[in-house]
Amino acid sequence: MSEGGRHPAAGTPGAFPEIERTLISRERIAQRVHELAARLCDDLRAQKGGVESAAGQVVMVPIMSGAMIFASDLVREMPLKLGLGLVAVSSYPGKSLASKGAVIQSELPADLAGKHVVIVDDILDSGQTIELVRKIIGEQKPASIRACVLLRKDVPRTATTPDEQLAEYVGFDIPDEFVVGYGLDYNGYYRNYPEIATLRKDAL
Ligand code: 5GP
Ligand code: MG
């Protein structure tokens, strides 16, 4: 960490020359993650039966790999006993930026029956990913399902589920731009960039 708590890479000319501009700073991300975690905890505790009384009732399901950084910050702001079950979904095979629909690439977490499941993803775009994951998790008959996304893009969804039922918790609404950083990649890179940023058009 360099002076002032900035990531050594952020704002350093030459380190990430393809980064165009910051949309959301790390300070705003941290603040919002804190707020989302507090709301999630309140809502989970208010759940009928009370999740505090029954240990291990909450399972967070981050969608890999994009949600890894968001989820790791989020769960550490949640003072609740919870389980973590990862699921891998791909939606941008190869270099294409156009959504090809979502494909599950991993085993699903098992034993979600009767649990309060929180799906965590980096960004809601077409909605295909969250719609698919909600559906297949629903087949295990959990007590409840919610989804929390850091970003929601202002685009027409191809998913048929209305936005409020796709993701109940949304960090930021963003315009229709391709973003990287804080877990989001382009061709596998930039996940470690600490802010949400756009890439120069000539880098895409
Ligand atoms: P959806 O299925 O909603 O179209 O897309 C969700 C997934 O597409 C996200 O989990 C993310 O992996 C990827 N995605 C959508 N928009 C962007 C973007 O602007 N940047 C990056 N890096 N990934 C995106
Ligand atoms: Mg993803």
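Above this note sits the structure.
What counts and how
Residues numbered from 1 in each chain as written. Chains lettered and ligands numbered in written order. Predicted model: local features only at pLDDT ≥ 70, side-chain atom pairs only at ≥ 80, totals over all residues. Heavy atoms only, no water. Helix = DSSP H or I, 4+ residues; strand = E, 2+ residues; numbered from the N terminus. Polar contact = N/O pair within 3.5 Å; in protein donor to acceptor, adjacent residues only side chain to side chain. Buried < 20%, exposed > 50% of the residue type's maximum accessible area, 1.4 Å probe, protein only. Arc of directions from axis to C-beta. Contact = heavy atoms within 4.5 Å. Phe/Tyr/Trp six-rings, centres within 6.5 Å; stacked < 30°, edge-to-face > 60°. Axes fitted to C-alpha atoms, helices over the stretch in contact; angles between N-to-C directions. Parallel < 35°, antiparallel > 145°, perpendicular 65-115°, else oblique. Left-handed = near helix turned anticlockwise from the far one by under 90°. Nonpolar A, V, L, I, M, F, W, Y, C, P; charged D, E, K, R; others polar.

Asker: How should the side chain of Glu195 be read in this particular structure?
Answerer: Relative to the helices and strands, Glu195 is located in the loop between strand E9 (179-180) and strand E10 (196-199). In this structure the side chain of Glu195 is engaged in a polar contact, spanning 2.8 Å, whose partner is the side chain of Thr22.

Asker: Explanation requested: helix H2 (residues 68-75) in the structure shown.
Answerer: In an α-helix there are 3.6 residues to a turn, and that puts residues three or four apart on one side. Turning to H2, its buried residues are Phe70, Ala71, Leu74 and Val75. Taken end-on, H2 shows its buried residues confined to a sector of 115°, consistent with a single buried face. For H2, the elements touching its buried residues are helix H1 (26-45), strand E2 (58-64), strand E3 (82-84), strand E6 (116-124) and strand E7 (144-153).

Asker: Would you mind going over the packing of aromatic side chains with me for this structure?
Answerer: How two aromatic rings sit relative to each other is given by the distance of their centres and the angle of their planes. Per the counting criterion, the structure on display carries three aromatic pairs. Measuring from ring centre to ring centre gives 5.2 Å for Phe16 and Tyr193, while their planes differ by 75°; the resulting arrangement is edge-to-face. In this pair, Phe16 is assigned in the segment before strand E1 (19-24) and Tyr193 in the loop between E9 and E10, connecting sequence segments 177 residues apart. We classify Phe16 as buried; its relative accessible area is 18%.

Asker: Can you walk me through the packing of H1 against H2 in this structure?
Answerer: When two helices pack together, their arrangement is given by the angle between their axes and by how far apart the axes lie. One way to put it is that H1 packs onto H2 with a least axis distance of 9 Å and a crossing angle of 60°. Between H1 and H2, the interaxial angle falls into the category oblique. Relative to H2, H1 is oriented so that their crossing is right-handed. Taking contact as the criterion, the partners of Val33, Leu36, Ala37 and Leu40 in H1 are, on H2, Phe70, Asp73 and Leu74. Among the residues making up the contact of H1 with H2, the classes are represented as six nonpolar, no polar and one charged.

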